[in-house]
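Okay, here's what each chain looks like letter by letter:
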Amino acid sequence: LLTEMEAKAVIRAYGIPTPETVFAATAAAVEAAAAQLLRQTSKVAVKLYSKTLTHKSDVGGVVLGLDTPVSARSSAERSASRRSSKAEKIDANLERLGKRGQLDGFTVQAMVERKGAHELILGLTRDPVLGPAILFGSGGVSVEVVGDTAMALPPLDGVLAADVIDRTRISKLLAGYRDRPPAQRAKIIEALCGLSQLAVDFGCVMAVDVNPLLADEHGVIALDARIEIDPARVEEAGPNPDLAIKPVPEGWDREVELANGTPVAVRPILPEDAALYPAFLQNTSAHDLRLRFLSPAVISDKMLVRLTQIDYDREMAFVALEPAGTLAGIGRLVADPDRERAEFALLVRSDLHGQGLGSALLSHLQEYASAEGIGVIEGIVLEENDRMLALCEKHGFRKDSRLREPGMVHVSLELGATS
């Protein structure tokens, strides 16, 4: 179990803000730390620091609203000539409960006073079948009683994180009501994505509990954090092998230049790219859509979700983006369960035909499939699609006469063959 200071350092590294916190080994050090912090803030909190006790408030280990260094010291020590009227002594309380030997010191933290802020919880847990799972919902000491949480499988991006938020009752309060302004939704999403990335990067992380995470119109801040790790897995290289959904593969971003000189960025598709499709489809003719989908096609919102929220284990799609961020083309691969063969598909915006983008995307798909150990890339092309058939021939694909569907041509490429 990481200490509070260690756990806060981890979540800060993943973009989740925390208040300034100082470790103090003794009650005298608590007084000195409080004096330091009270130069910048009006009140401090003193909490026990332990490698074994996880829920500090359950053992009287949290004292809030201390406004002098002396009261901070008094809140920590077993006996003192000057007592604080605000709190029971942490050290004495632990002795009464028989847990004094588990005290490793104290932390002194600048009090965060945000009147009307919502108390949220972020968590990471382990499902025996699905592996790491992200939790979000109403936080605070009553989290188990209220039971307002939702879960999702990492990796998350902005779209998926927003969906988790919307599946909780507190999401309606976060949106603002009466005289209460809305909380900064973007900052909550950033915190969820940060926790998700932690789960992706480290298989040794067994559990995370960020509670409470205060959220209001000024942003978010985590008052406490608890992280449990498996020391035997600390040296494991990422990404986390326990993830049910493979994260976005790294190292597959490229930049290509079209025949007209326009630089185009090619990268793996993300769920948020669904927002790019409407403008892309407006500039793609019905004829080109029919050639891509082998029949007249209407792209529904549900289909957009399916096209952009993929499992990168057996499926891959690369998007080509112009400098303004507009979608120029998509290349896609879907492998069979044995990953021996994969079907490809290409769609380039109609106004960009003849610029070399289709060829660049197909080359990228070939490179990716080869790196993944896929032996054959294949596809079905309409006989009338002369442009695609010529592109396939240029890349070394062969026509397969086994396909009996009239008006269609089956093409395949054995990777490693000369193209």
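Here the structure is a predicted model, which is why all the values come from computation and not from measurement.

Chemist: Explain the side chain of Thr107 to me, using residue names and the numbers behind them.
Modeler: Residue position: Thr107 is located in strand β4 (residues 106–110). By relative accessible area, Thr107 is classed as buried at 0%. A polar contact of 3.0 Å, which involves the side chain of Thr107, links it to the side chain of Glu4.

Chemist: Quick one: what's the story with unusual backbone geometry, residue by residue and with numbers?
Modeler: What is expected of a backbone is that most residues other than glycine have negative phi and most peptide bonds are trans. Cis geometry is adopted by the peptide bond preceding Pro155, which originates at Pro154 and carries an omega value of 5°. In this fold, Pro155 is placed in the loop between β7 (149–152) and α6 (158–166). Omega for the bond connecting Asn211 with Pro212 falls within 30 degrees of zero, at 0°, which places this linkage in the cis form. Locating Pro212 in the fold gives a position in strand β8 (residues 205–216). Located in the positive-phi region is Arg178, a residue other than glycine, with phi close to 45°.

Chemist: Any details on the environment of Ser74? Residues and values, ideally.
Modeler: By the element assignment, Ser74 lies in helix α3 (residues 69–76). Since its relative accessible area comes to 1%, Ser74 is described here as buried. Each C-alpha atom, one on Ser74 and one on Ala27, is 7.6 Å from the other, the two residues being 47 residues apart in sequence.

Chemist: Break down the sheet that holds strand β2 (residues 44–48) for me, with residues and values.
Modeler: Reading across the sheet, the four strands line up as β1-β4-β2-β3 and stay open at both edges, with antiparallel pairing between neighbours. What marks the edges here is a single partner per strand, and that holds for β1 (21–24) and β3 (62–66). The mean angle between the axes of side-by-side strands here comes to 20°, regardless of whether they run parallel or antiparallel. Both β2 and β4 contribute to a ladder of five bridges, which runs antiparallel. Counterpart to Ala45 in the pairing with β4 is Gln109. Contacting β1, β2 and β4, helix α1 (residues 4–13) crosses the sheet at an angle of about 155° to β1. Here helix α2 (residues 27–37) sits on the sheet in contact with β1, β2 and β4, set at roughly 15° to β4.

Chemist: Describe the nonpolar core, with residues and values.
Modeler: Proteins that are soluble and globular tend to have nonpolar side chains buried together. With 47 residues, the main nonpolar core has Phe318, Leu333, Phe344, Leu346, Leu357, Phe397 and Val411 as its most contacted residues. With sequence-adjacent residues up to four places away left out, Phe344 is seen in contact with Arg332, Leu333, Leu362, Leu365, Ile377, Glu378, Gly379, Met388, Cys392, Phe397 and Val411.

Chemist: Which residues make up the packing of α2 against α3, and what are the values?
Modeler: Where α2 meets α3, the axes come as close as 8 Å, and the angle between the chain directions of the two elements is 150°. In this view, α2 runs roughly antiparallel relative to α3, as classed from their interaxial angle. Remark: the crossing between α2 and α3 carries right-handed chirality. Across the interface between the two elements, Ala27, Ala28, Val30, Glu31, Ala34 and Ala35 of α2 pack against Pro69, Val70, Ala72, Arg73 and Ala76 of α3.

Calculation criteria
- Residues numbered from 1 in each chain as written.
- Predicted model: local features only at pLDDT ≥ 70, side-chain atom pairs only at ≥ 80, totals over all residues.
- Heavy atoms only, no water.
- Helix = DSSP H or I, 4+ residues; strand = E, 2+ residues; numbered from the N terminus.
- Buried < 20%, exposed > 50% of the residue type's maximum accessible area, 1.4 Å probe, protein only.
- Polar contact = N/O pair within 3.5 Å; in protein donor to acceptor, adjacent residues only side chain to side chain.
- Pairing = 2+ DSSP bridges.
- Axes fitted to C-alpha atoms, helices over the stretch in contact; angles between N-to-C directions.
- Contact = heavy atoms within 4.5 Å.
- Core = buried A, V, L, I, M, F, W, Y, C linked by side-chain atoms within 4.5 Å.
- Parallel < 35°, antiparallel > 145°, perpendicular 65-115°, else oblique.
- Left-handed = near helix turned anticlockwise from the far one by under 90°.

From the geometry alone we can't say anything about function, so treat these as descriptive.
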